Amino acid sequence: MRHFILLLLCCWAGAPSLAQRAPTDTLHAPPTALPGLFADPHIAAFGTTYYLYPTTDGIPGWGAFSFTCWSSKDLVTWKNEGVILDLPRDLTWASKNAWAPAIAEKNGKFYYYYSAAQSIGVAVADKPTGPFKDPLGKPLIAKAQFKGQMIDPMVLMDDDGSAYLYFGQGQGHVVKLNPDMISFDPAAVVDFKPPGYNEGAFAFKRQGQYYLMWSEYDTRDPRYSVAYATASSPMGPFTKAAQNPVLKGRGVVKGAGHHSVLQVPGTDQWVIAYHRFRIPDGNGFNRETCISPLRFDAQGHILPVNVFEPVDKTVIRKKPPRK
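In this report, we go over the structure that sits alongside the text. Since we're looking at a predicted model, the values are computed, not measured.

**So, the overall build of the protein chain**
Okay, step 1: Helices and strands together make up the secondary structure of the protein chain, namely two helices and 18 strands.
Okay, step 2: By the compact-globule yardstick of 20 Å for 323 residues, the protein chain fits well, its C-alpha radius of gyration being 19 Å.
Okay, step 3: Seen through its principal axes, the protein chain has C-alpha atoms that stretch 75 × 50 × 40 Å.
Okay, step 4: In the protein chain, which comprises 323 residues, the share counted as buried stands at 53%.
Okay, step 5: Within the protein chain, counting contacts between residues at least 6 apart in sequence, those at least 24 apart form 48% of the total.
Okay, step 6: Here the protein chain has roughly 15,100 Å² of accessible surface; of this, 55% comes from carbon and sulfur atoms.
Okay, step 7: Across the protein chain, 33 positive and 27 negative side-chain charges occur, with their mean positions spaced 3 Å apart.

Structure follows, in structure tokens:
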């Protein structure tokens, strides 16, 4: 009887569901979101459709030269929308090392930020599936323009329409973009480097608080993982949370990192897209893309991600028409 009462109390107190608990079987990971080898996934939602923008993987030395886009209506079944940016074809200043893209929407245009030849570029399209065109004819951020490696861009769109660009490996940087989304004041760049920061910065806002997440260790290291910090401003300063990392490998899952986060529109449901070493026999350039639920506690702390929990089918509900 005593054990039964304790069980009821645990349930009443909001004990995690079976789906949220870490499984004892760590040898059978869930299927990947995308077929084949893809890494550094950026997940987004426009209208009633989800999109994934990954790095094409499986090439020694991370030698990819083009980017693809994938779309889904339910987070589970993904369609390949084809190549949306081909460096040798579409750029005049880079032809290799197509890595770690991100996307943002403003004023009916879609802005695609990406790494190429250790610089950061921007491309523009009328649709989230492209085709994307280079509006500058040069990098948005040139190689060695700031401290660290000029890769891994990400843009946070704030509630007032302001856009903030985060970037940098080895050293993090953030700057407010100009309204055109393709320029900024170099003198306004702010540096950041929370303890453990390496690369893959990703920022978002939830319930008035800004979250900065990043990858620790090297993408070739099985310990590759994701930590986070919080701030009251998109420019920081950022205070690293006590409970970290929030995403890491376990069991057969190795090298879980370089992620992105998405709030399902109209809800407080969140998901995290990330890569892991290919199972089996993966490594730092043989990686595969996964999606798992992302949860918060009552105080807004990010809870540890269960890399053995796949995301459920989730449809974006259409907003009711205005009366």
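The discussion continues.
**Describing the sheet that holds strand β10 (residues 172-176)**
Okay, step 1: With antiparallel pairing, four strands are arranged side by side in an open sheet as β8-β9-β10-β11. Of all the strands in the sheet, the pair left with one neighbour each is β8 (154-157) and β11 (190-192). Neighbouring strand axes in the sheet, compared pairwise and without regard to direction, differ in orientation by 25° on average.

**Overview of the pairing of strand β2 (residues 49-56)**
Okay, step 1: For β2, the tally of buried residues reaches seven of eight residues, placing the bulk of the element in the interior.
Okay, step 2: In this sheet, β2 lies alongside strand β1 (residues 38-46) in antiparallel orientation, the contact comprising seven bridges. Directly across from F46, in β2, lies its bridge partner T49.
Okay, step 3: Hairpin remark: β1 followed by β2, antiparallel, with two residues in the connecting loop; positive phi at G47, about 65°.
Okay, step 4: By the bridge criterion, four bridges tie β2 to strand β3 (residues 66-72) in an arrangement that is antiparallel. Within the sheet, the bridge partner assigned to Y50 lies in β3 and is S72.

Conventions and cut-offs
- Residues numbered from 1 in each chain as written.
- Predicted model: local features only at pLDDT ≥ 70, side-chain atom pairs only at ≥ 80, totals over all residues.
- Heavy atoms only, no water.
- Helix = DSSP H or I, 4+ residues; strand = E, 2+ residues; numbered from the N terminus.
- Rg over C-alpha atoms; globule rule 2.2 N^0.38 Å.
- Buried < 20%, exposed > 50% of the residue type's maximum accessible area, 1.4 Å probe, protein only.
- Contact = heavy atoms within 4.5 Å.
- Areas by Shrake-Rupley, 256 points an atom, 1.4 Å probe, with all protein chains shown as cover.
- Lys, Arg positive; Asp, Glu negative; His and termini not counted.
- Charge placed at Lys NZ, Arg CZ, Asp CG, Glu CD.
- Pairing = 2+ DSSP bridges.
- Axes fitted to C-alpha atoms, helices over the stretch in contact; angles between N-to-C directions.

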